[in-house]
Protein chains: 2
Amino acid sequence: MTDSVAASHAKGKCATDKIFGANAAAVKDAAQYGNDKVVNATIGALMDDQEKLACIPTVEKVFRELPINNIISYAPIAGSPAFLKAFINLAFADHKPDAYIEAIATSGGSGAIHHTIWNYSDAGDTILTSDWYWGPYKVLCQDSLRKLDTYTLFDEEQKFNIAAFSAKVKELLSKQTNVVVIINTPAHNPTGFSLTDSDWDNVLALFKECAQDTEKRIIPLIDVAYIDYAGEKNACRAFLKKLGGLPTNIFPILACSMSKGFTMYGQRTGAMIGVSSSKEVIEEFKNINQYTSRATWSNITHSAMNLLSTIYQDKELLAQTELERDALYALIRNRADIFMSEAKEANLKMLPYIAGFFLTIPADQPDAVCEKLHEDHIFAVPLAKGIRIAVCAVSSSKIKGMAAKIAKAIQAVAAS
Amino acid sequence: MTDSVAASHAKGKCATDKIFGANAAAVKDAAQYGNDKVVNATIGALMDDQEKLACIPTVEKVFRELPINNIISYAPIAGSPAFLKAFINLAFADHKPDAYIEAIATSGGSGAIHHTIWNYSDAGDTILTSDWYWGPYKVLCQDSLRKLDTYTLFDEEQKFNIAAFSAKVKELLSKQTNVVVIINTPAHNPTGFSLTDSDWDNVLALFKECAQDTEKRIIPLIDVAYIDYAGEKNACRAFLKKLGGLPTNIFPILACSMSKGFTMYGQRTGAMIGVSSSKEVIEEFKNINQYTSRATWSNITHSAMNLLSTIYQDKELLAQTELERDALYALIRNRADIFMSEAKEANLKMLPYIAGFFLTIPADQPDAVCEKLHEDHIFAVPLAKGIRIAVCAVSSSKIKGMAAKIAKAIQAVAAS
């Protein structure tokens with residue numbers, strides 16, 4: 001018999017992380033053959049073309065100059081007011097919806113997802129996301145004793161599959177009072193797909209139709225972790241304006257993170273932003289999520305909050321930060337362009353990439369293909385139905401030739 | 001009708017924070033009458049005698065010199081191995097128990113409490129702590145859909161009330177499989193009490209007696225947030241050695257924090273340390289708590305982890321840090337000594353203070369007494385049955401005279 005002292009619901013939990021495993025294999029290969037020989041396309045962070053973790057220079061400068069009191073003191077449980085105000089304004093840019101809007105500081109985007117699942121779904125409920133999804137969504141659901149179901153993200157034309165989406169939303173609403181729908185856009189992880197503004201019109205039309213049953217509530221949880229690498233600032237935020245004027249039983253929550261937009265992954269700072277036509281829903285949002293913050297992490301890293309509000313309050317610092325971030329974005333853009341053009345030449349099928357840190361190659365035996373790629377010293381993350389390539393992490397010189405090698409590996413695995 | 005979209009279990013949650021309210025009143029009073037006139041004994045952080053938030057100088061120096069990569073990169077979900085090793089060794093000093101020991105990084109001590117409640121008690125279970133307790137324990141239980149019950153901490157001689165403790169532990173074990181018992185020692189918040197080594201012998205004898213029923217599990221959650229301000233380093237850790245060699249269905253978990261010991265409150269870094277005679281229990285501990293970390297905050301602030309492991313790996317830096325911390329401890333010690341000696345003169349009854357950030361005056365109408373003290377520009381936190389004085393936050397010159405004024409206020413309220 002095995003010794004166990006965990007509570008019944010907690011027994012046997014164990015996360016096997018494919019990303020970690022793939023990265024470990026790449027690190028080992030690099031130790032043996034040298035860094036310059038190895039293509040590590042597993043890492044979910046932005047590396048410059050020297051393959052060094054990139055930090056936006058102005059962000060580093062401001063961080064280094066923070067008074068010690070801004071680093072060591074406790075932040076308020078909900079987050080510092082200056083930080084929350086700044087993050088709301090940065091999240092929406094020129095497209096702030098006409099609605100009540102409030103924010104609560106969270107431990108990156110993950111923390112925002114945690115709170116939304118915990119406070120806006122019931123035990124045993126099913127949360128919905130697309131069939132291509134960031135793996136930890138499932139862990140977030142399961143640890144909270146919720147389930148995760150998926151709809152088929154793409155139709156036959158590789159467009160957003162509104163039919164599949166509608167069917168699943170309606171199915172869940174027939175069984176549950178609250179349905180949390182996680183939509184990771186723009187620059188979806190792992191595909192790089194973004195819903196178009198007209199996709200959003202269709203999604204919101206569906207939600208409004210469903211919301212006519214006033215007993216039901218729809219909670220669109222919009223994970224915008226990659227929004228700062230999704231195209232022109234205001235263009236990729238235009239859909240946010242549409243979140244105004246919704247019925248009160250549709251309650252969109254944005255999961256925002258400083259990890260990518262401010263290259264501050266390890267500082268664990270983000271926010272959940274609620275958008276509602278009802279002042280009461282927004283007051284409830286502040287109260288219940290602040291309560292859950294007190295009961296999970298207490299408060300959030302103060303240094304990153306003060307960093308963000310310092311930058312936001314100084315127009316020059318903000319402009320400089322955005323300029324430097326755009327330069328990093330151009331790096332990724334260039335890498336993805338190289339890959340896409342070579343994929344076309346190599347007849348390598350890709351999922352529709354618009355922008356962001358990752359792109360995905362659909363494949364039948366992803367683990368075998370990734371294994372085969374190790375012969376070429378290429379390391380990528382096998383997903384359930386494809387292979388994730390972190391264009392954020394591979395220098396443009398190493399991107400060259402990858403598509404052809406992946407095409408060859410897929411053929412070799414299919415033939416074997 | 002009020003608009004609400006929260007899940008049924010989440011409705012109506014709202015934390016009214018008496019500490020925040022009391023502090024706000026002090027800040028307002030200081031704005032009107034000047035800082036030098038106002039005694040703000042509400043703050044739970046160490047202020048130097050100039051009433052500036054204290055930072056251990058070596059901690060600041062090392063933090064300022066961290067390479068940017070150590071600040072911005074993600075830490076592993078469980079915490080960096082160097083950090084975990086360092087924190088375990090610092091937690092136990094010379095009194096590491098003979099047992100399997102592992103740690104998981106958490107968001108301060110609060111995060112360790114969150115994970116322990118979530119993974120080692122069942123929904124609806126009751127968690128046990130003493131009747132004098134840090135208010136957020138209740139929020140932590142309630143948000144996780146657990147209850148909190150208390151035992152009477154002190155007997156008639158103001159000693160640890162083992163009889164009351166035993167009765168409650170046995171009562172809960174008769175109803176539940178798992179019982180999580182939160183013991184905040186040494187230097188308990190809010191009283192400053194510490195269990196003696198012989199108190200610990202009695203507690204562990206009780207646990208062993210109860211553990212003879214092998215269907216039951218006892219999870220002592222030892223909150224050691226204030227252990228670095230609890231007396232001589234090894235003397236106040238001697239009890240930890242006793243956690244070795246216990247039956248496998250007694251599973252002590254330490255909740256550790258860098259907030260106080262490293263004056264890094266706002267960096268939100270701590271750890272939960274599990275101690276077991278069973279390798280399997282410790283493997284389960286790593287697996288299930290890492291899983292919950294992924295599902296709540298994902299990973300913990302990397303800068304503070306690298307700060308701690310840097311200090312730990314350099315004997316001189318560590319010695320210097322401890323020396324500087326001892327100087328801060330001496331400040332609190334001196335303030336508490338002044339207060340206790342004046343309390344004796346003023347015939348003011350206190351709960352037994354051994355060490356730590358806070359001391360407590362029992363009182364019948366705590367809110368009224370705190371209100372009355374505002375006339376003397378003294379601000380303290382009203383508890384259910386007393387008044388908490390943050391000796392960590394009040395300069396020694398302002399401590400002088402406080403005890404007499406509190407005694408007078410209590411008399412005035414009693415007479416009114």
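Keep in mind the model is a prediction, meaning the values are calculated, not measured. (Residues numbered from 1 in each chain as written. Chains lettered and ligands numbered in written order. Predicted model: local features only at pLDDT ≥ 70, side-chain atom pairs only at ≥ 80, totals over all residues. Heavy atoms only, no water.)

A. Inspection of helix α8 (residues 197-211) of chain A at higher detail. Residues and elements named next belong to chain A. With 15 residues, α8 extends 21 Å from end C-alpha to end C-alpha; this agrees with the ideal 21 Å at 1.5 Å per step. Taken together, the buried positions of α8 are Asp199, Trp200, Val203, Leu204, Leu206, Phe207, Cys210 and Ala211. Along the long axis of α8, the arc covered by the buried residues comes to 155°, so they all point the same way. Where α8 is buried, its residues meet α7 (162-175), β5 (178-184) and β6 (217-223). (Helix = DSSP H or I, 4+ residues; strand = E, 2+ residues; numbered from the N terminus. Expected span 1.5 Å × (residues − 1). Buried < 20%, exposed > 50% of the residue type's maximum accessible area, 1.4 Å probe, protein only. Arc of directions from axis to C-beta. Contact = heavy atoms within 4.5 Å.)

B. Highlighting the sheet that holds strand β9 (residues 358-362) of chain A. Residue and element names in this part refer to chain A. One open sheet holds the three strands; their spatial order is β9-β12-β11, and the pairing between them is antiparallel. Of all strands in the sheet, those with a lone pairing partner are β9 and β11 (381-382), marking the two edges. Two strands pair when backbone bridges link them, and β11 and strand β12 (residues 386-390) are joined in this way by two bridges, in the antiparallel orientation. If you follow Val381 over to β12, its bridge partner there is Arg388. (Pairing = 2+ DSSP bridges.)

C. The arrangement of unusual backbone geometry in detail. Geometrically, the link from A:Asn189 to A:Pro190 is a cis peptide bond, its omega value of 20° lying close to zero. Tracing the sequence through the fold places A:Pro190 in the loop between β5 and α8. Within the chain, B:Ser298 stands out as a residue other than glycine whose phi angle is a positive 70°. For B:Ser298, the location among the structural elements is in the loop between α10 (279-294) and α11 (302-313). When its relative accessible area of 4% is taken as the criterion, B:Ser298 is described as buried.

D. The arrangement of the relation of the copies chain A and chain B in detail. The two copies are related by a screw motion: chain A maps onto chain B through a turn of 180° and a shift of 0.0 Å along the axis, at an RMSD of 0.0 Å. Here the copies are linked by what is in effect a two-fold axis. Of the interface residues in chain A, 100% have counterparts in chain B that sit at the interface too, so the contact is made through matching surfaces. (Least-squares fit on C-alpha atoms with pLDDT ≥ 70 in both.)

E. The arrangement of the pairing of β9(A) in detail. Residue and element names in this part refer to chain A. Most of β9 sits inside the fold, with four of its five residues counted as buried. Relative to β12, β9 runs antiparallel, the two sharing five bridges. Each residue of the ladder has a partner; that of Leu359, found in β12, is Ile389.

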